[in-house]
Amino acid sequence: MGKVGSKGVLHCLVVDDENEFVEILHRACGNSLDILTAKTGQEALQILTDFCDLSFIVCKAKLPDMAGSPILAEARRLKIKRILIANVTEHDLVRAANTAHPSYIIEKPYKVEELKPLMEQLIADQQEHATEKSAHAARIKEIEFLTGQNAALTRNLDEKSRD
């Protein structure tokens, strides 16, 4: 398993037994994200269980120990954006993975120039989502604070009305 990167940065899980896509992703995205890696489907499922801060997953359709569809299905359940990498000849696996509704399908062979706009858009979307999520969390915190203040004032009024 690859190393978890710095806090506050988008995290991507790449499930690729050859690490081919990791290199391409590094070239396409630079330091825009931290990349976790898994070489097997079982390892990927474990990361999905253990690491809850993933922005998106890039997964090959065919891995040494399983098809990519169960991994993508779990990522979908966790509401993680999904990118499927498939050989043009892997139609059966692509159809199986479609049950997990990947956000994007990248056909092999692919070029860095073709991936860069997709990855940049995906990163921008995830950063916007993270900003919205942070603003939402701040609003919830404010509501919780005001609810607590309201409860304290209500108790104070109740005590004064009893006196």
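This structure is a prediction, so every number in the text was calculated from the model and none was measured. (Residues numbered from 1 in each chain as written. Predicted model: local features only at pLDDT ≥ 70, side-chain atom pairs only at ≥ 80, totals over all residues. Heavy atoms only, no water.)

A.B. asks: Describe the sheet that holds strand 1 (residues 10-15), and please don't skip the residues or the numbers.
C.D. replies: The parallel open sheet is built from five strands, whose spatial order is 2-1-3-4-5. The open sheet is flanked by strand 2 (33-38) and strand 5 (104-108), the only strands paired with a single partner. Neighbouring strand axes in the sheet, compared pairwise and without regard to direction, differ in orientation by 20 degrees on average. Two elements, strand 1 and strand 3 (residues 56-60), share four bridges in a ladder whose sense is parallel. Across the sheet, the residue bridging to Cys-12 is Phe-56, located in strand 3. Sheet strands in contact with helix 1 (residues 20-29) are strand 1, strand 2, strand 3, strand 4 (81-87) and strand 5, and its direction is about 175 degrees off that of strand 2. (Pairing = 2+ DSSP bridges. Helix = DSSP H or I, 4+ residues; strand = E, 2+ residues; numbered from the N terminus. Axes fitted to C-alpha atoms, helices over the stretch in contact; angles between N-to-C directions. Contact = heavy atoms within 4.5 Å.)

A.B. asks: Describe the layout of surface pockets, naming the residues involved and giving the relevant values.
C.D. replies: Space left empty within the atom packing is revealed by a probe, the size of a water molecule, rolled over the atoms. The calculated volume of the largest pocket comes to roughly 550 Å³. As for the largest pocket, its lining consists of 20 residues, of which Asp-53, Leu-54, Ser-55, His-129 and Lys-133 are closest to the centre. Where the lining of the largest pocket is concerned, the elements lending two or more residues are strand 1, strand 4 and helix 5 (112-162). The biggest single contributor to the lining of the largest pocket is helix 5, with five residues. Partitioned by chemical class, the residues of the lining of the largest pocket number nine nonpolar, six polar and five charged. (1 Å grid on protein atoms, 1.4 Å probe; cavity = no way out; pocket = protein on both sides within 12 Å on 5 of 7 lines; lining within 4 Å. Points joined across faces, edges and corners; volume = space filled by probe spheres on them. Nonpolar A, V, L, I, M, F, W, Y, C, P; charged D, E, K, R; others polar.)

A.B. asks: Which residues make up the pairing of strand 2, and what values go with them?
C.D. replies: The side chains of a regular strand alternate between both faces of the sheet. Counted residue by residue, strand 2 has six buried out of six residues, so it is predominantly covered. Both faces of strand 2 are covered, namely the face carrying Leu-33, Ile-35 and Thr-37 and the face carrying Asp-34, Leu-36 and Ala-38. Sheet analysis places strand 1 next to strand 2, joined by six bridges and oriented parallel. If you follow Leu-10 over to strand 2, its bridge partner there is Leu-33. (Buried < 20%, exposed > 50% of the residue type's maximum accessible area, 1.4 Å probe, protein only.)

A.B. asks: Which residues make up the nonpolar core, and what values do they have?
C.D. replies: Of all hydrophobic cores here, the largest spans 21 residues; its most connected members are Val-14, Phe-21, Leu-25, Leu-33, Phe-56 and Val-58. Contributions of two or more residues to this core are made by strand 1, helix 1, strand 2, strand 3, strand 4 and helix 5. Examining the composition of this core, we find that six residues originate from one element, helix 1, more than from any other. The residues contacting Val-58, other than those within four sequence positions of it, are Cys-12, Leu-13, Val-14, Val-15, Phe-21, Ile-83 and Ile-85. In this structure, Ala-44, Met-66, Ala-75 and Ala-86 belong to the second largest nonpolar core, which totals 20 residues. (Core = buried A, V, L, I, M, F, W, Y, C linked by side-chain atoms within 4.5 Å.)

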